[in-house]
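Structure assessment
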Amino acid sequence: MTTSSTASLPTASTPDAPVIGVLALQGDVREHFAALTAAGATARQIRRPEELAEVAALVIPGGESTTMSKLAVIFGLLEPLRERVRAGMPVYGTCAGMIMLADKILDGRDDQETIGGIDMIVRRNAFGRQNESFEARVDIEGIEGGPVEGVFIRAPWVESVGGGAEVLATFDGHTVAVRQGNVLATSFHPELTGDHRVHKLFVDLVRAAG
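Just so you know, these numbers come straight off a predicted model, no measurement behind them.

From N to C terminus, the protein chain includes six helices and 12 strands. Over its C-alpha atoms, taken along the principal directions, the protein chain stretches across nearly 40 × 40 × 35 Å. For the protein chain, the proportion of its 210 residues judged to be buried stands at 52%. Contacts in the protein chain between residues far apart in sequence, at least 24 positions, make up 68% of those at least 6 positions apart. Charge centroids of the protein chain, computed over 19 positive and 27 negative side chains, lie 4 Å from each other.

You can see Gly88 is positioned in the loop between helix 4 (78-86) and strand 4 (91-94). Separated by 109 residues in sequence, Gly88 and Arg197 place their C-alpha atoms 23 Å apart.

Oppositely charged side chains are able to pair whenever their charged atoms sit close together. By the definition in use, this model includes nine salt bridges. Here Arg123 ties to Glu159 by a salt bridge, and the two come within 2.6 Å at their closest N and O atoms. A residue pair is termed long-range when its members are at least 10 positions apart, and Arg123 in strand 6 (residues 118-123) and Glu159 in strand 9 (residues 157-161) qualify at 36 residues. Glu159 sits in the partly exposed class, given a relative accessible area of 37%.

In this section: the confidence of the model for the protein chain. Mean pLDDT for the protein chain: 90, with 93% of residues reaching 70 or above. Here residues 1-8 scores under 50 on pLDDT; set against residues more than four positions off or in separate chains, the count is 18 contacts.

Here the focus is unusual backbone geometry. Within the chain, Asn125 stands out as a residue other than glycine whose phi angle is a positive 50 degrees. As for its placement among the helices and strands, Asn125 is situated in the loop between strand 6 and strand 7 (134-138). Classification of Asn125 by relative accessible area gives buried; the value is 18%. Its identity is not glycine, yet Arg154 carries a phi of approximately 45 degrees, on the positive side. Positionally, Arg154 belongs in the loop between strand 8 (148-152) and strand 9.

Another point: helix 1 (residues 29-38). Burial in helix 1 covers these residues: Val29, His32, Phe33, Ala35 and Leu36. Where the residues of helix 1 are buried, they touch strand 1 (19-23), strand 2 (42-46), strand 3 (57-60), strand 4 and helix 6 (197-209). Positioned one or two residues after helix 1, Gly40 has a phi angle of 100 degrees, which is positive.

What follows deals with the nonpolar core. If you look at the biggest cluster of nonpolar residues, it comprises 32 residues, and the most contacted ones within it are Ile20, Leu36, Ile140, Phe152 and Phe202. If you list the elements that add at least two residues to this core, you get strand 1, helix 1, strand 3, strand 7, strand 8, strand 10 (166-171), strand 11 (174-180) and helix 6. In terms of residue count, the dominant contributor to this core is helix 6 (four residues). Excluding its chain neighbours within four sequence positions, the residues that come into contact with Ile140 are Val148, Leu168, Ala169, Phe188 and Val198.

According to the stated counting rule, one finds nine aromatic pairs in the structure shown. Their ring planes at 40 degrees and their centres at 5.8 Å tell us that Tyr92 and Phe202 sit as a pair that is tilted. Of this pair, Tyr92 sits in strand 4 while Phe202 sits in helix 6, placing them 110 residues apart in sequence. Accessibility assignment for this pair places Tyr92 and Phe202 in one class, buried. Each ring, one from Phe127 and one from Phe134, has its centre 5.7 Å from the other, and the planes form 70 degrees; the classification is edge-to-face. By relative accessible area, Phe134 is classed as partly exposed at 24%. Ring pairing ties together the aromatic residues Phe127, Phe134, Phe152, Trp157, Phe171 and Phe188, which thus form one cluster.

Here Leu205 is to be found in helix 6. Taking the C-alpha atoms as reference points, Leu205 and Val183, 22 residues apart in sequence, are found 9.2 Å from one another. Leave out the neighbours within four places in its chain, and Leu205 touches Pro90, Arg179, Gly181 and Asn182.

Rules of the game
Within each chain, residue numbers correspond to sequence positions counted from 1 in written order. Side-chain atom pairs in this predicted model are given and counted only at pLDDT of 80 or more, local residue features only at pLDDT of at least 70, and totals for whole chains, interfaces and linings cover all residues. For the side-chain quantities, the full set of heavy atoms in the structure was used; hydrogens and water were omitted. Counting from the N terminus, the helices are the DSSP runs of H or I reaching at least four residues and the strands are the DSSP runs of E reaching at least two. Exposed residues in this analysis have more than 50% of their type's maximum accessible area, buried residues have under 20%, and partly exposed residues fall in between, with area computed by a 1.4 Å probe over protein chains only. Any two residues having at least one pair of non-hydrogen atoms within 4.5 Å are treated as being in contact. None of His or the chain ends enter the tally, which takes Lys and Arg as positive and Asp and Glu as negative. Lysine's charge is taken at NZ, arginine's at CZ, aspartate's at CG and glutamate's at CD. Only one rule defines a salt bridge in this text: a Lys or Arg side-chain nitrogen within 4 Å of an Asp or Glu carboxyl oxygen. A residue's pLDDT is the confidence the predictor assigns to it, expressed on a 0 to 100 scale. For the purposes of this section, nonpolar cores are sets of buried Ala, Val, Leu, Ile, Met, Phe, Trp, Tyr and Cys residues that join through side-chain atoms within 4.5 Å. Note on aromatic pairs: the rings of Phe, Tyr and Trp (six-membered ring only in Trp) are paired at centre separations within 6.5 Å, and the planes decide the class, stacked below 30 degrees, edge-to-face beyond 60, tilted for the rest.

Take a look at the structure:
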């Protein structure tokens, strides 16, 4: 998936909407813009450190985690991202974003770097390749109204979590949603379904973080 120009992306207009960035190096940026806007946030594309400094929180979209990692280094974003996460900035990662937020990954490239933030070990492409993508209903702790429809595309799963991380959802015996403090991650793509409850959960987390 490719990114889109800022002018063509929707933005929220309510005065109290938290400003949340979407890492726009690679991945499904437009879909997260729409979901964040529907959840009551103002979304901005983030490609450079100075843009990151202007937002209260960040979404790391799905895409290709190795490419995203390389581009984060090229654009000078990797260390600023790590610093903001360590300082408590709320972050939500989907699919490749979950991999980027893992403290350790399996089946990654030898030179692949992550931002970290969640004490978990994540396995890349654990649910299969592109042609094995699927949808499934997932019950997520903290979200009312029944299961969320999860879109799994070359999705990772969480092999294990440390004591600081909280498992929010499992599917087929594997952990697919995790939270640690202000950092949230899902194996699947709720932004592709039109159900914005996961993004609303994150927006509420951002508001609570101040």
